[in-house]
There are 2 protein chains.
Amino acid sequence: MNEHVHDTADLTKNQTLVMGALTRSKGPLSAYTILDQLRDNGFRAPLQVYRALDKLVEFGLVHRLESLNAFVACRHPGCDGDDTIAFMICERCGQVNEITDTALAARLKQLAGEASFALKKTTIELRGLCRTCQAA
Amino acid sequence: MNEHVHDTADLTKNQTLVMGALTRSKGPLSAYTILDQLRDNGFRAPLQVYRALDKLVEFGLVHRLESLNAFVACRHPGCDGDDTIAFMICERCGQVNEITDTALAARLKQLAGEASFALKKTTIELRGLCRTCQAA
DNA sequence: GCAATCTTGTAATGAGATAACGTCACACAC
DNA sequence: GTGTGTGACGTTATCTCATTACAAGATTGC
């Protein structure tokens, strides 16, 4: 199986529907919000959404935001398999900005190394106000 | 009200009980686990725990781990009000290591600044295996 | 005393996630 | 083409996490 699929061609029907909902959305969506949006497409139970989300996250097409219990479509321009992604989440408009930074990733890796910690997954989520929302 | 209380003297009864449960624990606890542990002390409803936790987090005595939906007592040696804390969470034994690093905090602050993002709260959680658990 | 405020207790409910079951469709060996 | 394995799908029930809403005490200041 491909390590980092960015091709929506080989997605299943449910995965395509969930991916579509996330892509259409301007911000992150909860699994239950997705479920509601897809009721007309035959979705009836949370598990249908969660199963699709699991796969999409595995493919790297979708990210999970731990601090929101929600999911976003990957908008990272050159999503080159980097798994150290920082998210800037605006608490007012809900927009999410995806950032990768080599210095940041390197420092985290070094800190883990110093503690002899075998790093598997990194979660970095910044909460605050985006540029446009600070005016209001 | 004090910005960063590290004195358990002025806690209410419920806050003291919840703090005690977290301090006794080797790892993070969920709100409902705390509830179960405090049933003998008169706790009957989740809200009693959540209210205490809210305050303890506000005081800086307790941290919330977003990726676990759980809480840990602050073990940071010189907890000097730094709000950029990274957690290393062992997925095997559940132990949590608290880390502050000025380089890391500075880089995040800079990234936020470059995006004109008004940073309010930072969540950094590293999942993996601690030194001792890698042997097994 | 008495009002203002904070903490508490309780019940009910909302929101997020998974377990356990069975079915279906497809690929591939034989 | 029959059998078998595998992966996706559907449904129900259940579990965990968190909050809303309302009432009752407790504490402080005047």
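Refer to the structure above for everything that follows.
Residues numbered from 1 in each chain as written. Chains lettered and ligands numbered in written order. Predicted model: local features only at pLDDT ≥ 70, side-chain atom pairs only at ≥ 80, totals over all residues. Heavy atoms only, no water.

A.B. asks: I'm lost on unusual backbone geometry in this one. Help?
C.D. replies: Among all residues save glycine, negative phi is the norm, and among peptide bonds the norm is trans. Backbone geometry at Asn 69 of chain A places phi at a positive 50°, although glycine is not the residue there. Checked against the element boundaries, Asn 69 of chain A lands in the loop between strand 1 (62-65) and strand 2 (70-73). (Helix = DSSP H or I, 4+ residues; strand = E, 2+ residues; numbered from the N terminus.)

A.B. asks: I'm lost on the sheet that holds strand 5 (residues 118-129) of chain A in this one. Help?
C.D. replies: Neighbouring strands of a sheet are bound in pairs by backbone hydrogen bonds; such pairs are parallel or else antiparallel. Strand order across the open sheet formed by six strands is 4(A)-3(A)-5(A)-5(B)-3(B)-4(B), with mixed pairing between neighbours. With partners counted over all chains shown, the strands left at the sheet margins are strand 4 (96-99) of chain A together with strand 4 (96-99) of chain B, one partner each. Neighbour to neighbour, the strand axes of the sheet diverge by 20° on average, direction disregarded. Against the sheet, helix 4 (residues 102-114) of chain A contacts strand 3 (86-90) and strand 5 of chain A together with strand 3 (86-90), strand 4 and strand 5 (118-129) of chain B, and its axis sits at roughly 130° relative to strand 5 of chain A. Contacts between helix 4 (residues 102-114) of chain B and the sheet are confined to strand 3, strand 4 and strand 5 of chain A together with strand 3 and strand 5 of chain B, with strand 5 of chain B contributing the most and set at about 130° to the helix. (Pairing = 2+ DSSP bridges. Axes fitted to C-alpha atoms, helices over the stretch in contact; angles between N-to-C directions. Contact = heavy atoms within 4.5 Å.)

A.B. asks: Explain the interface of chain B and chain A to me, please; I cannot follow it from the model alone.
C.D. replies: A common way to express how large an interface is: the accessible area buried when the components associate. Residue-level contacts link 33 residues of chain B with 33 residues of chain A. Taken together, both faces of the contact between chain B and chain A bury some 2,900 Å²; the carbon and sulfur share is 64%. At the surface where chain B touches chain A, the tally comes to four salt bridges. Across the pair Lys 120 of chain A and Glu 91 of chain B runs a salt bridge, and its minimum N-O distance is 3.8 Å. Counting the contacts that link chain B with chain A gives 14 residue pairs in polar contact (both at pLDDT 80 or more). When residues of the side of chain B that touches chain A are traced back to their parent elements, those giving at least two are strand 3, helix 4, strand 5 and helix 5 (131-135) of chain B. When residues in the side of chain B that touches chain A are grouped by element, the largest group, twelve residues, is from strand 5 of chain B. Bridge analysis of strand 5 of chain A against strand 5 of chain B gives eleven bridges, and the strand direction is antiparallel. Along strand 5 of chain B, the bridge assignment pairs Leu 129 of chain A with Ala 118 of chain B. (Buried area = accessible area lost by both parts, 1.4 Å probe. Salt bridge = Lys/Arg side-chain N within 4 Å of Asp/Glu carboxyl O. Polar contact = N/O pair within 3.5 Å; in protein donor to acceptor, adjacent residues only side chain to side chain.)

A.B. asks: Is there a simple way to explain the pattern of salt bridges in this structure?
C.D. replies: Two side chains of opposite charge can pair, provided their charged atoms sit close to one another. Following the criterion strictly, the structure yields 14 salt bridges over all chains and no others. Between Asp 36 of chain A and Arg 39 of chain A there is a salt bridge whose closest N-O contact spans 3.3 Å. One salt bridge connects Arg 107 of chain A with Asp 101 of chain B, and the closest N-O pair in it is separated by 2.6 Å. Of the two residues, Arg 107 of chain A is situated in helix 4 and Asp 101 of chain B in the loop between strand 4 and helix 4; the pairing between them involves two chains.

A.B. asks: Please explain the relation of the copies chain B and chain A as it appears in this structure.
C.D. replies: Two copies of a chain can be linked by a rotation about an axis combined with a shift along that same axis. For the pair chain B and chain A, the superposition axis carries a translation of 0.0 Å, the fit reaches an RMSD of 0.1 Å, and the rotation angle comes to 180°. What we have between these two chains is a two-fold relation. The rotation axis passes nearest to the C-alpha of Ile 124 of chain B in chain B, at a distance of 2.3 Å. Looking at the interface residues of chain B, 100% of them are also at the interface in chain A, so both copies use one shared face. (Least-squares fit on C-alpha atoms with pLDDT ≥ 70 in both.)

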